Every structure is written in structure tokens, then in C-alpha cells.
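# Coordinates in review
One letter stands for each residue in the lines below.
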Amino acid sequence: NAGVIQTPRHKVTGKGQEATLWCEPISGHSAVFWYRQTIVQGLEFLTYFRNQAPIDDSGMPKERFSAQMPNQSHSTLKIQSTQPQDSAVYLCASSLGGGAYEQYFGPGTRLTVL
Amino acid sequence: AQSVTQPDARVTVSEGASLQLRCKYSYFGTPYLFWYVQYPRQGLQLLLKYYPGDPVVQGVNGFEAEFSKSNSSFHLRKASVHWSDWAVYFCAVTRTGGYKVVFGSGTRLLVSP
């Protein structure tokens, strides 16, 4: 069991460029979560998929951010026209089900927008 | 709305000394509570979890936590801290049947020799 895999580990983009972050959940896990972590805001919930279906994207900024889960083996978080304030560590987690189950976190992708 | 407060942003403990990290939650109904640890440049890992039942929960690496409904608290304890415990600790809460987990702001534990 390789755990949750996130790629790339580090990404540097210029202001206005697009960034796509990848997450491979643990096989057999039906729930996938995306979080953003910054020193100022801490851990912020972004979005949640259950059995590949988007359930809750209430934490996603309404513009420029989108997330998809085209199959059970990966999810993507796309940020269009990146801005310096998007700089953060983006964490993906998977679990067997909803919130009562332990979430297994990936190592995160550190996004730096210059 | 559910919330979690970790009042101490940073705690310094001598190696071998005991530890308590504080967590207060605000919640309606029956909560599920968690403590996660984040080591440098890694994701979060579960230390322990509380489901309704015994208020004292044992976790990995000698950690335990005690749920108190009257105090709305879920403090983390360890009898003897090791240098490898140097990390950031997050308390989290969710509700029965829910999916969204609310995390506290984290407490950075520093271990002095």
C-alpha cells in the first residue's frame, strides 16, 4: 500500500499560468478530500468526492478553481490564472467513507506562484 | 456550526517530560474527535480517534486523549516526550453521519534536550 500519492511535490508557476495537481487515492477508498494549508489560514477544506461524484465543493474559490475525479484512481485540482495568494500546500486525503472514518493524507503539493 | 480551538500555537517540552496539548470543540450533538500529527514536509497522520464510548482513547506512540463533554474538550497527553515527537498536532471534529472534518489551527510541539 503506497498510501495517497500526490504529484508533483513542488510546483512553481508564474502569475496567470495554470496549475494542475494530481492525487491518487488509496485503492478501495471511496472518499477523496482536497484541503489547502497555509500558515495564516491553517487547513481549509476545499472539496469532497464520494464514489467519484462531487458532493461538496463549498470550500472552493468560485473562480479559477475546479476539481474532478474522472475515475476511482485519481483526482485533479486545477487552478487557472494562478495568483500569488494561491501559494500554499494542497493536501489530498482519502478514506473508506465519510467523516467518521480516518482520513489518509498524501504528502501534499507545495504550489508557489511567483 | 462546529469548530475546534487549539489555544496554544506553540508548546515547548523537555525530552522525557509529560505533555498536554489542549483542544476545545464546539458542537451540537455527538461528535467524533481526532488528533492528527504532521511531521515536517509530510501529510497528516492519525494519532487517535474518539467515537462515543470510553472517554479515554489510546493512540499510537504512547499518546492518549480524554473526551470531556462537560468541558467540551479533547486534550492530548503523553507521559514522556521523545525528540521524535517534534511536529505539529491537529485536533479535528466531525459529526455522526457527516463527512466534513473541521480542523483546529494546530499546535507546534518543540522538544528541548
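Whatever comes next refers back to the structure up there.
A word on the state of the cysteines. Enumeration over the complete set of coordinates arrives at 2 disulfides over all chains. Residue A:Cys23 pairs covalently with A:Cys92 via a disulfide, S to S 1.9 Å. Here the S-S torsion is close to -65°, and the disulfide linking A:Cys23 with A:Cys92 is therefore left-handed. Pair noted here: A:Cys23 is in strand S3 (residues 19-24) and A:Cys92 is in strand S9 (residues 88-95), with a separation of 69 residues, a long-range link. Under the relative-accessibility criterion, A:Cys23 is labelled buried at 2%. What makes A:Cys92 buried here is its relative accessible area of 0%. The disulfide partner of B:Cys23 is B:Cys91, and the S-S distance across this bridge is 2.0 Å. The S-S bond linking B:Cys23 to B:Cys91 shows a torsion near -65°; that makes this disulfide left-handed.

Moving on to the environment of A:Thr109. All names here are of chain A. Looking at where threonine 109 falls in the secondary structure, it is placed in strand S11 (residues 109-113). On the accessibility criterion, threonine 109 (0% relative accessible area) is buried. C-alpha separation for the pair threonine 109 and alanine 2, spaced 107 residues apart in sequence, amounts to 17 Å. Not counting the four nearest positions on each side in its chain, threonine 109 is found in contact with Gln6, Thr7, Pro8, Arg9, Leu21, Ala88, Val89 and Tyr90. A distance of 2.6 Å separates a polar side-chain atom of threonine 109 from the backbone oxygen of proline 8.

Right, let's talk about unusual backbone geometry for a bit. Residues and elements named next belong to chain A. The peptide bond linking threonine 7 to proline 8 adopts the cis configuration, its omega dihedral lying at -10°. For proline 8, the location among the structural elements is in the loop between strand S1 (5-7) and strand S2 (10-13). Even without a glycine there, the phi angle at asparagine 51 is positive, about 50°. Relative to the assigned elements, asparagine 51 resides in the loop between strand S5 (42-50) and strand S6 (53-56). The phi angle at glutamine 52 is positive, at roughly 75°, despite the residue not being glycine. Within the element layout of this structure, glutamine 52 appears in the loop between S5 and S6.

Calculation rules
Residues numbered from 1 in each chain as written. Chains lettered and ligands numbered in written order. Predicted model: local features only at pLDDT ≥ 70, side-chain atom pairs only at ≥ 80, totals over all residues. Heavy atoms only, no water. Disulfide = S-S within 2.5 Å. Helix = DSSP H or I, 4+ residues; strand = E, 2+ residues; numbered from the N terminus. Buried < 20%, exposed > 50% of the residue type's maximum accessible area, 1.4 Å probe, protein only. Contact = heavy atoms within 4.5 Å. Polar contact = N/O pair within 3.5 Å; in protein donor to acceptor, adjacent residues only side chain to side chain.

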